[in-house]
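Each chain, letter by letter, is given below.
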Amino acid sequence: MRHGHPGQEQLRRTFESVLTAVLSGRGVRTETGLDTPTENALWAIARARPNAPDALVAAAYRAFAGQIDGSNAAARRAEMDRRIAERATRLRLPGPGVPSSEVGDA
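Enquirer: Even after reading the chapter, I still don't get the packing of aromatic side chains, so can you show me in this structure?
Expert: Where two aromatic rings form a pair, the distance of their centres and the angle of their planes describe that pair. Here the structure, examined in full by the defined rule, presents two aromatic pairs. For the pair Phe15 and Tyr61, a centre-to-centre distance of 5.1 Å together with 70 degrees between the ring planes defines the contact as edge-to-face. Pair noted here: Phe15 is in helix α1 (residues 8–23) and Tyr61 is in helix α3 (residues 54–69), with a separation of 46 residues, a long-range link. Judged by its relative accessible area of 35%, Tyr61 falls in the partly exposed class. With a centroid separation of 4.5 Å and 10 degrees between ring planes, the pair formed by Phe15 and Phe64 is classed as stacked. Pair noted here: Phe15 is in helix α1 and Phe64 is in helix α3, with a separation of 49 residues, a long-range link. The pair Phe15 / Phe64 is uniform in exposure class, with both members buried. Members of the aromatic cluster, joined through ring pairs, are Phe15, Tyr61 and Phe64.

Conventions used here
Residues numbered from 1 in each chain as written. Predicted model: local features only at pLDDT ≥ 70, side-chain atom pairs only at ≥ 80, totals over all residues. Heavy atoms only, no water. Phe/Tyr/Trp six-rings, centres within 6.5 Å; stacked < 30°, edge-to-face > 60°. Helix = DSSP H or I, 4+ residues; strand = E, 2+ residues; numbered from the N terminus. Buried < 20%, exposed > 50% of the residue type's maximum accessible area, 1.4 Å probe, protein only.

Rendered as structure tokens:
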């Protein structure tokens, strides 16, 4: 059982191992520490086997780079903030960072 979050070097080894596995016809194992965009890209390769195009492999590398540089997490946070704000607008509730005193009467 793993404790804590894997470091970048461990993530790189894991990514390479899982990529090799999916290119060999196996699936993506669970609890790898890889984020959802990276796992989705790896599953796309697994589903396309045995004819996985190079573009899918390149997409997996891009997704993994986004995990390492934090852009995948930032995009997820931005999407969640957008959804919360959208829901708050529909329900006339304060969204993220909006004081309740600025919200109109319901």
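Back to the text.
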